[in-house]
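# Structural features, examined
One letter stands for each residue in the lines below.
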Amino acid sequence: MFKKSKGIRVEKEMAAIIIIAGLVIAVGIMLACAPPEQIVRQNRASWGESYSYSYESPEKNVAKAVPLTIAVVNPSYNDPENALGKGIYSKVGRGFSKSMAVDMDKIIVAKGMTVKGPYADIEDMTFPDKKGTDLTLTPKIFISTQIKEDNRWQRDRRTRSMFKKFELRISGWVAFEMREPLSGEKIWIKKLDLDEVVEKGEIAAEMVAVTKPGDVFPTDYKPGEILYDNRPDAMADALKKIYPTVMTKFWTYINTEEMLVLKTKTKEIRDLKRY
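Definitions and limits used
Residue indices follow the written sequence of each chain, beginning from 1 at its first position. Only residues with pLDDT of at least 70 get local features here, since the model is predicted, and only at 80 or more are side-chain atom pairs given and counted; chain-wide, interface and lining totals rely on the full set of residues. Values reported for side chains reflect all heavy atoms of the structure, with hydrogen atoms and water molecules removed beforehand. Note on definitions: salt bridges are taken to be side-chain nitrogens of Lys or Arg within 4 Å of carboxyl oxygens of Asp or Glu. Any residue under 20% of the maximum accessible area for its type is buried, any over 50% is exposed, and the rest in between are partly exposed; the area is computed with a 1.4 Å probe on protein chains only. Only centres within 6.5 Å qualify two rings of Phe, Tyr or Trp (six-membered ring in Trp) as a pair; their planes then separate them into stacked at under 30 degrees, edge-to-face at over 60, and tilted for everything else. Secondary structure elements are taken from DSSP: a helix is a run of H or I of four residues or more, a strand is a run of E of two residues or more, and numbering for both begins at the N terminus. In this analysis the charged atom, NZ for Lys or CZ for Arg, is taken to sit over a ring once it is within 6 Å of the ring centre and within 35 degrees of the ring normal. Here the term cavity refers to a set of points on a 1 Å grid, laid over the protein atoms alone, in which a 1.4 Å probe fits but cannot get out; the term pocket refers to an open set having protein on both sides within 12 Å along at least five of seven lines, with lining residues being those that place an atom within 4 Å of a point. Grid points are joined across faces, edges and corners, and a volume is the space filled by probe spheres set on the points. Charged means Asp, Glu, Lys or Arg here, nonpolar means Ala, Val, Leu, Ile, Met, Phe, Trp, Tyr, Cys or Pro, and polar covers whatever is left, Gly included. Polar contact is the term for a pair of N or O atoms within 3.5 Å; when the atoms are in protein, one must be able to donate a hydrogen and the other to accept it, and sequence-neighboring residues count only if both atoms are side-chain atoms. Here, expected helix span is obtained from the residue count minus one, scaled by 1.5 Å. For every element, the axis is a line fit to its C-alpha atoms; helices are fit only across the contacting stretch, and the angle between N-to-C directions ranges from 0 to 180 degrees. By the definition adopted for this analysis, an angle is roughly parallel if under 35 degrees, roughly antiparallel if over 145, roughly perpendicular if from 65 to 115, and oblique otherwise. Take the far helix as your reference; a near helix turned counterclockwise from it by less than a right angle gives a left-handed crossing, and one turned clockwise gives a right-handed crossing. Should any heavy atoms of two residues lie within 4.5 Å, those residues are counted as being in contact. Values of pLDDT, which run from 0 to 100, indicate the predictor's confidence residue by residue. What is called the bend at a residue is the angle between a pair of axes, fitted to the seven residues leading up to and ending at it and to the seven starting from it. Joining through side-chain atoms within 4.5 Å is the link that ties buried Ala, Val, Leu, Ile, Met, Phe, Trp, Tyr and Cys residues into a set, and such a set is a nonpolar core.

What follows is about the pattern of salt bridges. Within the structure shown, the criterion is met by 13 salt bridges. Taking the shortest distance from any N to any O, the salt bridge between E167 and R169 comes out at 3.3 Å. For E167, a relative accessible area of 22% puts it in the partly exposed group.

Structural data, given as C-alpha cells:
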C-alpha cells in the first residue's frame, strides 16, 4: 500500500514538472514570436520631427538705424555630396536652414538695418523685391559625414528587439555670400570651416525568429522592421553644437560700415548694367 501511494506521488510530481516545463517553453516561443506592436525598446531621440535651433544675439538693444536693406534667403545645401540633402537627413537640413535664416534676420535687424524675407529660395524674390533691396544674402551649408556602425546586430531579450550602435562624425563649412539682387553677381563672401563633431546613437529593429524546416524552436534571430533610427537625431545634436559658433561668426561678419560700402558696389553694378 505504501509503495503504491509513493508511486502515485512520484507520477504526480513528474506530471507537474512536465506541465511547468511545457509552460516555460510555450512562454519562450510566445516571446520570441511576439508581434511588432508588443516590442518596446527605449528610443533616446528627443527631437521628434521638429528640428529647430535658436540663437541669442550678444547685444539686446537695436543699433541706430542704417539706410540699407538686405534680403535674406534660406541657406542652400543642394550639392549632391552634401549629407543634409540626403533622405535620412533632409528634415534636419530643412530645420537647420530655416533656423539660420530666421536668426540671420534678427541679427541684421539688431545691427540697425532693414531686412526682407527670409525667402525659401532666391527665385521666390519678385522683381520689385530685388529692385527695392540693396543686397541679397545667400548663404550655403555643406556637411560631410563619416559613420561607423557595429558589424553585428545585438539581441535585447528583455524588449525582444535587436540593435546596433553607431558613431557619426560630421564636418564641413558655411559660406555667407552677399549678391547684387538684380544680377545675382556675388560681391562679398565669408567662409567658415566647421570643426569635426562626433555623436553616438543606435538603430533598433524587430527581432525575428529564424526556424528551419522540422525545428520546433528558433535556431537564430534576424533584424526585421526598423523600430527607430537615431542617425537623424545624432546629426541634429551635432549641428546644435556648431550652431552658436556659426551664428556668432555671422554677427561678427555683418559690419554696418562694410555693408554700406557693398551698397555702393550694388549701385555701380546697376549703373553699368543699366538696371
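Moving on to the packing of aromatic side chains. In this description, an aromatic ring pair is defined by two values, namely the gap between the centres and the angle between the planes. On inspection of all chains with the given rule, the structure shows eight aromatic pairs. Ring centres of F176 and Y253 lie 5.9 Å apart, and the angle between their planes is 65°; this geometry places the pair in the edge-to-face category. Of this pair, F176 sits in strand β6 (residues 161–179) while Y253 sits in helix α4 (residues 231–253), placing them 77 residues apart in sequence. Since its relative accessible area comes to 0%, F176 is described here as buried. Take Y253: its relative accessible area is 16%, and that puts it in the buried class. Positioned above the aromatic ring of W251, the side-chain terminus of K111 is 4.3 Å from the ring centre.

There is about 350 Å³ of room inside the largest pocket. Surrounding the largest pocket, 17 residues form its lining, N74, P75, S76, N78 and D121 being those nearest its centre. Put simply, the parts of the chain that give the lining of the largest pocket at least two residues each are α2 (90–110) and β6. Top element by residues in the lining of the largest pocket is α2. It accounts for three residues. In terms of residue class, the lining of the largest pocket is made up of six nonpolar, five polar and six charged.

Below, the discussion takes up the side chain of S90. Of note, S90 is situated in helix α2. Of the residues examined, S90 reaches a relative accessible area of 18% and is grouped as buried. Reaching out from S90, the side chain makes a polar contact with the backbone oxygen of G87 at a distance of 3.0 Å.

Moving on to the environment of E268. With respect to the helices, strands and loops of the structure, E268 is situated in helix α5 (residues 256–273). A residue is classified by how much of its surface remains accessible, and E268, at 53% relative accessible area, is exposed. Taking the C-alpha atoms as reference, E268 lies 9.9 Å from E180; in sequence the two are 88 residues apart.

The next point concerns α2. Over its 21 residues, α2 runs 30 Å from end to end, which matches the ideal 30 Å to within 8%, given 1.5 Å per residue. Extensive coverage of α2 is indicated by the burial of 15 of its 21 residues. Where α2 terminates, the next one or two residues include G112, which has phi positive at roughly 95°.

For the rest of this paragraph, the subject is the packing of α2 against α4. When two helices pack together, their arrangement is given by the angle between their axes and by how far apart the axes lie. Contact geometry for α2 and α4: axes closest at 11 Å, N-to-C directions at 20°. Relative to α4, the element α2 is oriented roughly parallel. Crossing of α2 against α4: the hand is right-handed. Taken together, the residues of α4 that come into contact with α2 (itself represented by V92, F96, S99, M100, D103, M104, I107, I108 and A110) are P232, M235, A236, L239, Y243, V246, M247, F250 and W251.

A separate point is the confidence of the model for the protein chain. Taken over all residues, the pLDDT of the protein chain has a mean of 86, while the share at 70 or more is 84%. Predicted confidence is poor over residues 31–39, with pLDDT under 50, and the contacts of this stretch with residues over four places away or in other chains come to 15 contacts.

What follows is about α4. Relative to the 33 Å expected for 23 residues at 1.5 Å per residue, α4 spans 32 Å between its end C-alpha atoms, a close match to the ideal helical length. Approximately 40° is the largest bend angle found in α4, and it occurs at I242, with the proline P244 only one to four residues beyond.

Next up on the list: the nonpolar core. One recurring pattern in soluble globular proteins is that nonpolar side chains are buried together. Residues M100, F176, M235, L239 and M259 are the most contacted members of the largest nonpolar core, which totals 53 residues. Discounting chain neighbours no more than four positions away, the residues touching F176 are M100, M104, L137, P139, W188, I189, K190, V246, F250 and Y253.

Turning next to unusual backbone geometry. The omega torsion across G117 and P118 is 10°, close enough to zero to call that bond cis. Its location among the elements puts P118 in strand β2 (residues 114–119). For R160, which is not a glycine, the phi torsion comes out positive at approximately 55°.

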